[in-house]
Amino acid sequence: PRWGQIVGEASVGDKLFDHQWRTIRVERSGEHVVEVALNRPDARNALNGELMEELTEAAALLRLRTDVRAVILTGNDRYFSAGADLSASQARVSQTLIESRRSVMAGPDMCRAWSEIEAVTIAAIEGYCIGGGAALVISCDFRVMGASAYLRLPEVPLGMNMSWRSIPKIAALVGPSRAKQFVMFGEAVDAAKCLDWGFCDEAVETGGALAAARRWADKVAGLPPIPIRMTKEAVNAVTQATAQASIYMDRDQFLLATTSQDYREGVAAFREKRPGKFTGA
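Definitions and cut-offs
- Residues numbered from 1 in each chain as written.
- Predicted model: local features only at pLDDT ≥ 70, side-chain atom pairs only at ≥ 80, totals over all residues.
- Heavy atoms only, no water.
- Helix = DSSP H or I, 4+ residues; strand = E, 2+ residues; numbered from the N terminus.
- Buried < 20%, exposed > 50% of the residue type's maximum accessible area, 1.4 Å probe, protein only.
- Arc of directions from axis to C-beta.
- Contact = heavy atoms within 4.5 Å.
- Core = buried A, V, L, I, M, F, W, Y, C linked by side-chain atoms within 4.5 Å.
- Phe/Tyr/Trp six-rings, centres within 6.5 Å; stacked < 30°, edge-to-face > 60°.
- Disulfide = S-S within 2.5 Å.
- Polar contact = N/O pair within 3.5 Å; in protein donor to acceptor, adjacent residues only side chain to side chain.
- Pairing = 2+ DSSP bridges.

J.: Run through the environment of Ala 58, naming residues and quoting values.
T.: Tracing the backbone shows Ala 58 in helix 2 (residues 49-62). Note on Ala 58: relative accessible area 0%, which makes it buried. Sequence separation between Ala 58 and Arg 25 is 33 residues; the distance between their C-alpha atoms is 9.9 Å.

J.: How would you explain helix 8 (residues 176-185) if you had to name every residue and give the values?
T.: Residues of helix 8 that are buried include every one of Ala 179, Phe 182 and Val 183, and no others. Buried residues of helix 8 fall within an arc of 90° about the axis and therefore sit on the same side. Residues of helix 8 that are buried in the fold lie against helix 6 (132-138), strand 8 (150-152), helix 7 (167-174), strand 9 (189-190) and helix 9 (191-197). Positive backbone phi, at 65°, marks Gly 186, one or two positions downstream of helix 8.

J.: Give me the nonpolar core: which residues, what numbers.
T.: Side chains of nonpolar character tend, in soluble globular proteins, to be buried together. Ranked by internal contacts, the top residues of the largest apolar core, which has 52 residues, are Val 36, Leu 55 and Trp 114. At 7 residues, helix 2 tops the list of elements feeding residues into this core. Sequence-distant contacts of Trp 114, that is, excluding residues within four places in its chain, are made with Val 36, Leu 55, Ala 59, Val 71, Leu 73, Thr 121, Leu 136, Ser 139 and Cys 140. Counting residues in hydrophobic clusters, the runner-up holds 14 residues, among them Val 33, Ile 122, Val 144 and Ala 213.

J.: Could you give an account of the packing of aromatic side chains, with specific residues and numbers?
T.: Think of a pair of aromatic rings as described by two things: how far the centres are apart, and how the planes are tilted against each other in angle. For the structure shown, the criterion picks out 4 aromatic pairs. Measuring from centroid to centroid gives 5.3 Å for Tyr 79 and Tyr 128, while their planes differ by 10°, and the two rings are stacked. On the criterion of sequence distance, the pair formed by Tyr 79 in strand 4 (residues 79-81) and Tyr 128 in strand 6 (residues 128-130) is long-range, its members being 49 residues apart. An identical accessibility class is assigned to Tyr 79 and Tyr 128; each is buried. Centroid distance Phe 142 to Trp 216: 5.0 Å. Interplanar angle 45°. Geometry classified as tilted. Here Phe 142 is found in strand 7 (residues 142-146), whereas its partner Trp 216 is found in helix 10 (residues 209-221), with 74 residues between them in sequence.

J.: Could you give an account of the state of the cysteines, with specific residues and numbers?
T.: Under the criterion given, the structure shown has 0 disulfides. Take Cys 194: it sits in no disulfide, and the sulfur closest to it among the cysteines is that of Cys 200, at 5.6 Å.

J.: Report on the side chain of Arg 40, specifying residues and quantitative values.
T.: Position of Arg 40 relative to the elements: it lies in the loop between strand 2 (33-38) and helix 2. In this structure the side chain of Arg 40 is engaged in a polar contact, spanning 2.8 Å, whose partner is the backbone oxygen of Ala 46. Leaving out residues up to four positions away in the same chain, Arg 40 has contacts with Thr 23, Asn 45, Ala 46, Asn 48, Leu 51 and Asp 85.

J.: Give a detailed account of the sheet that holds strand 8, specifying residues and quantitative values.
T.: What holds strands together in a sheet is hydrogen bonding between their backbones, with the strands either parallel or antiparallel. In space, the 4 strands of this open sheet follow the order 4-6-8-9, with mixed pairing throughout. Strands at the two margins of the open sheet, each flanked by one partner only, are strand 4 and strand 9. For strand 4 and strand 6, the ladder comprises 2 bridges, and the chain directions are parallel. Across the sheet, the residue bridging to Ser 81 is Cys 129, located in strand 6.

Note that every value here comes from positions in space, so none of it alone points to a role or purpose.
Next up, the structure:
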């Protein structure tokens, strides 16, 4: 079949490449590689509902394609993503609890969709990759970072727990102590430290992440696709065997944490550029 076609599912290619995406770009890169780029520059690629929905939809279309062997996920040459759009929290004020519980699944659903793509996924990261953006790239198989890139999770200092099903993946990559440091302190972890800790697989000169990710993708695409997929599935099964048991309540913990006085203080302190005063209330 032609590129982008699956036997019995000829329309899939059209849906992926011909769809009028509003917040992402989807392009072919060689015979067996697809590139997906976040494309919301007016908001520094902040993950609002529409962007998360499109990333989830693209991942679902990519999930079982037999003609795709590697998928590159990237932002732009200045940043990957500023993280989850905080305005979404304000929108939940008027929702019922069950509506809020459903709405906060957008991020976890997106991360799960990317982790379920059968092809190998490679994140190319330049500049900052914050919060939900970090959770998203951690859902990929490999990460390549430019020298000035960094990962950061601001959730705990803002009074929230880190959710989006990411804790098991973080711990599997860097171990328990470093996972606690990364999640608790909310400090930036630069490319060199990410490489040392195990968060990234290659650190390259600034501006070189996408080119390096393409080299990784070409290497994967040149290998036998069936054992590559078997290996990915086996490693993920071993390292994530207890993941669901440990994170099944993280969205409820998030909803609880965001009702606290500490959450309101954390957000206020962030916006006013001052240290927070937390009481446990």
